[in-house]
Amino acid sequence: MTTPFTIRDAVPTDLDVIVEFNRRLAWETEDKALDLAILREGVDRALAESDRLRYWVAVRDGGVIGQTAVSREWSDWRNGWLWWLQSVYVAADARGLGVFKALYARIREEAIAAGDVIGIRLYVEDENHRAQDAYKALGMADAGYSVLEELWLNPSKADDTPQA
């Protein structure tokens, strides 16, 4: 059976939909309203420099219905790259169709083919049980880590008040 959508690398013309999907993602999962100017600049930069953050999109009837991005982390312990999934979002009317499953399969296939990628990781909100179930259904497991952070309003001024 073929899927009713295709997976491809994101391109600069996907900017608006990726910005909108990221805005929705932050609101739906964390009740966060993102600064759209900063978000747009960040997505634009990622699309221009895929070594920073690489996006894939799922497309149906010419429109983007889902997205996932990958950032990379070098593991000196394992002598290889870990690919971190980010910005996972599927449009509400496309949920349940296997969109994320197809995105994940494509990314996993490319990671294995790269030869120096040793695994895929992601972080998920503690209360987002639906997403956790979806990730576990694909073979992912709890890594036993907690994510801690310190974020700044302005990266050039590390003494700024941290963001919540």
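Provided above is the structure to which this section pertains.
Residues numbered from 1 in each chain as written. Predicted model: local features only at pLDDT ≥ 70, side-chain atom pairs only at ≥ 80, totals over all residues. Heavy atoms only, no water.

Concerning the nonpolar core
1) Next: Formed by 24 residues in total, the largest nonpolar core has its most connected members in Trp83, Leu85, Val99 and Ile120.
2) Next: Of all the elements in the fold, those that place two or more residues in this core are β2 (54-60), β3 (63-75), β4 (80-90), α3 (99-114), β5 (117-122) and α4 (129-137).
3) Next: The dominant element in this core, judged by the number of residues it contributes, is α3, at 7 residues.
4) Next: Counting residues in hydrophobic clusters, the runner-up holds 18 residues, among them Val19, Leu53, Tyr55 and Ala91. (Core = buried A, V, L, I, M, F, W, Y, C linked by side-chain atoms within 4.5 Å. Buried < 20%, exposed > 50% of the residue type's maximum accessible area, 1.4 Å probe, protein only. Helix = DSSP H or I, 4+ residues; strand = E, 2+ residues; numbered from the N terminus.)

A short note on the packing of aromatic side chains
1) Next: In total, this model carries 6 aromatic pairs according to the counting rule given.
2) Next: When the ring of phenylalanine 21 is compared with that of tyrosine 89, the centres are 4.9 Å apart and the planes differ by 45°; the resulting orientation is tilted. Placement of phenylalanine 21 in helix α1 (residues 15-30) and of tyrosine 89 in strand β4 is noted, with a sequence separation of 68 residues between them.
3) Next: On the basis of relative accessible area, tyrosine 89 is assigned to the buried category, the value being 3%. (Phe/Tyr/Trp six-rings, centres within 6.5 Å; stacked < 30°, edge-to-face > 60°.)

Quick notes on unusual backbone geometry
1) Next: At aspartate 31, a position not held by glycine, the phi torsion is positive, near 55°.
2) Next: Position of aspartate 31 among the secondary structure elements: in the loop between α1 and α2 (36-48).

Comments concerning the pattern of salt bridges
1) Next: Overall, the coordinates contain 12 salt bridges when judged by the stated rule.
2) Next: It is possible to trace a salt-bridge network through shared partners that takes in Asp9, Arg54, Arg106 and Glu110. (Salt bridge = Lys/Arg side-chain N within 4 Å of Asp/Glu carboxyl O.)

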